[in-house]
Amino acid sequence: MAAQAALLAATEDLSVFGTDPWWLVVVKAVFCFAFLVGTVLIAIVWERKVVAWMQLRIGPNRHGPWGMLQSLADGVKLALKEDLVVTASDKVVYILAPVISAVPAFMAFAVIPFGPADHEISIFGTRTTMQLTDFPVAMIYVLAIASIGIYGIVLAGWASGSTYPLLGGLRSAAQMVSYEIAMGLSFAAVFLDSGTMSTSGIVAAQQHTWFALLLPVSFIIYIISMVGETNRAPFDLPEAEGELVGGFNTEYSSLKFAMFMLAEYINMVTVSAVASVMFLGGWRAPWPITAFWAGANHGWWPMLWIVIKIQLLLFFFIWLRGTLPRLRYDQFMKLGWKVLIPVSLVWLVLVATVRTLRNRGTHYTDLVLVSVGAILAVVLLSIVWDTLRNRRAPEETAPEPEFDAMAGGFPVPPLPGQQLPPTPRRPSRIPQPVPAANVSALKGGDDDAQ
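Rules used throughout
Residues numbered from 1 in each chain as written. Predicted model: local features only at pLDDT ≥ 70, side-chain atom pairs only at ≥ 80, totals over all residues. Heavy atoms only, no water. Helix = DSSP H or I, 4+ residues; strand = E, 2+ residues; numbered from the N terminus. Expected span 1.5 Å × (residues − 1). Buried < 20%, exposed > 50% of the residue type's maximum accessible area, 1.4 Å probe, protein only. pLDDT = per-residue confidence, 0-100. Contact = heavy atoms within 4.5 Å. Phe/Tyr/Trp six-rings, centres within 6.5 Å; stacked < 30°, edge-to-face > 60°. Lys NZ or Arg CZ within 6 Å of the ring centre and 35° of its normal.

1. Some words on helix 9 (residues 216-229)
Thought 1: With 14 residues, helix 9 should cover 20 Å at 1.5 Å per step; its first-to-last C-alpha distance of 20 Å lies within 8% of that length.
Thought 2: Where burial is concerned, most of helix 9 is hidden: 10 out of the 14 residues are buried.
Thought 3: For helix 9, every residue scored as buried is listed here: Ser-218, Phe-219, Ile-221, Tyr-222, Ile-223, Ser-225, Met-226, Val-227, Gly-228 and Glu-229.
Thought 4: Just downstream of helix 9 lies Asn-231, where phi reads positive at about 60 degrees.

Now the structure itself:
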C-alpha cells in the first residue's frame, strides 16, 4: 500500500509542466503540428501501398521514388482544383465547417507524452520534458476536444444546402456520439486502475504491466470505438457511396475537402496515440527490450517506442479497410448501443469492485475468485435470459401477402420480413448429357419403329 501511495503521489506531481519559456512552448507546438502533418503524409502513402499489396495491385509508383511523394501530389492537386461555394449554402458556416473539424484534431495532441516527465531533455540548452503540457484532467480534455470535431461534420452537412450531405452529417454525428459513450466508459476503467486522469500519470502507472493486459475488455472496446469514432471502414457509414454519394463532404472541393481529409487522418493518429498512452505503455519500451537494455526508456529513445506503436495502430486501421466489408447502419448502431455500452458498464462495475477490494487489502487469490465469479454470474444470467426468451410462445400473425417488386411501377427492394418470390430460371443453353438408361430406351423405341 505504501508503494502504491508513493506511485500515486508521483503520478500527480505535475509541477514540471507550465514552466517552459514562451519560445520553447512555440517550438513544442510546432513540433506537434509537424509530427501530425508528416505522419498523415506517410499514412496516406502507406495506406494506398498496403491496400494495393493486399489486393495484388501495384499502387502508387509515379510520384517520387517508389511513389513515396504521392501524398504531396494529392495535396497539390487539391490545392489547384477550383474552389466552389454552393449557391444555396450558408456561406459562412459552409466555409467555417472544415476549420471547426480540423482544428480540434490538432489540439487533442497537446497532452500526448513522448517521454517520461521525470527525465528532462535539453533543447537549445534549456531542460524540458518531452510533452507540450499535462494537467490532472488531460484525458477529459481529449474527450471534450474530440466532441467539438463533431460540430464541424454536422455543420458541413447542414450548410451545404443539399439533402444527401445533411443525411451524411446526421449519420456521422449519431455514430460518433454513440461510440464516444463506449470510449468514455473504457477510459473510466483506466482511471480507476491508475488513480489519475493525466496522461503522464497513466503511463507511469503502467511501469510493470500494460493496461491492455490488465484491462483487456476496456482495450478491445476502445479499439472498436476508435474505428467508429474516426468514420473508418468498416464503420464509414457517412460516406456510403451507394446511398449518400459522398456523405457530409459531398459539396466540398479543393482545400476545404482537403481539410476534411486531413482531419480524418489526424484523428486516426490522435486516437492511436491515445490508445498507446492508455493501454500500451505510452513511451515505454516493450518488455523484451527492457529486460536486457536498462537505458531503453531514457533520453530520446522513448519517442521511438511511441512512434512505433502509433504506426502499428495505423496499420491496424489500414488492415481493417482492406479486409472487412462495410456494415449496415442498423448493425453498426446496434453494436454500439446494445453490445459495447452494456459490456462497458458491466466491466466498469467489475473493475470498481476489484479496485475497492484491493484497496481494503484483499488477497490476490480472493480478487481472482471474485472476478471469475462475477463473470460467470453474468454469463449464466445471460444464458437463462436467452432460454426463457426463446420459450415464449410465438404470436400468431396473419400471413403476409406475396411481395411484388413492381407494385409501384418500378422495382423496389423488399422490406424487413418480406420474402422475395422465387426467381424464374430459364433452361440452360449448354447441352446436358443424356443418361445411359434413356439412351437405351430411345434405341429400343427406334427399333420398334423400324
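Still to come is the rest of the account.
2. Some remarks on the confidence of the model for the protein
Thought 1: Residues at a pLDDT of 70 or more form 83% of the protein, whose mean pLDDT is 82.
Thought 2: Low confidence marks residues 5-11, where pLDDT is under 50. Its contacts with residues over four positions away, or in another chain, come to 8 contacts.
Thought 3: Taken as a whole, residues 445-450 scores under 50 in pLDDT and shows 0 contacts with residues more than four places along the chain or in a different chain.

3. Digging into the packing of aromatic side chains
Thought 1: Counting across every chain of the model gives 24 aromatic pairs.
Thought 2: Taken together, a centroid distance of 5.4 Å and an interplanar angle of 85 degrees make the contact between Phe-35 and Phe-114 edge-to-face. Pair noted here: Phe-35 is in helix 2 (residues 22-54) and Phe-114 is in the loop between helix 4 (91-107) and strand 1 (121-123), with a separation of 79 residues, a long-range link.
Thought 3: Every member of this aromatic cluster is reached through a ring pair, and the members are Phe-187, Phe-191, Phe-219, Tyr-222 and Phe-279.
Thought 4: Positioned above the aromatic ring of Tyr-329, the side-chain terminus of Arg-171 is 4.6 Å from the ring centre.

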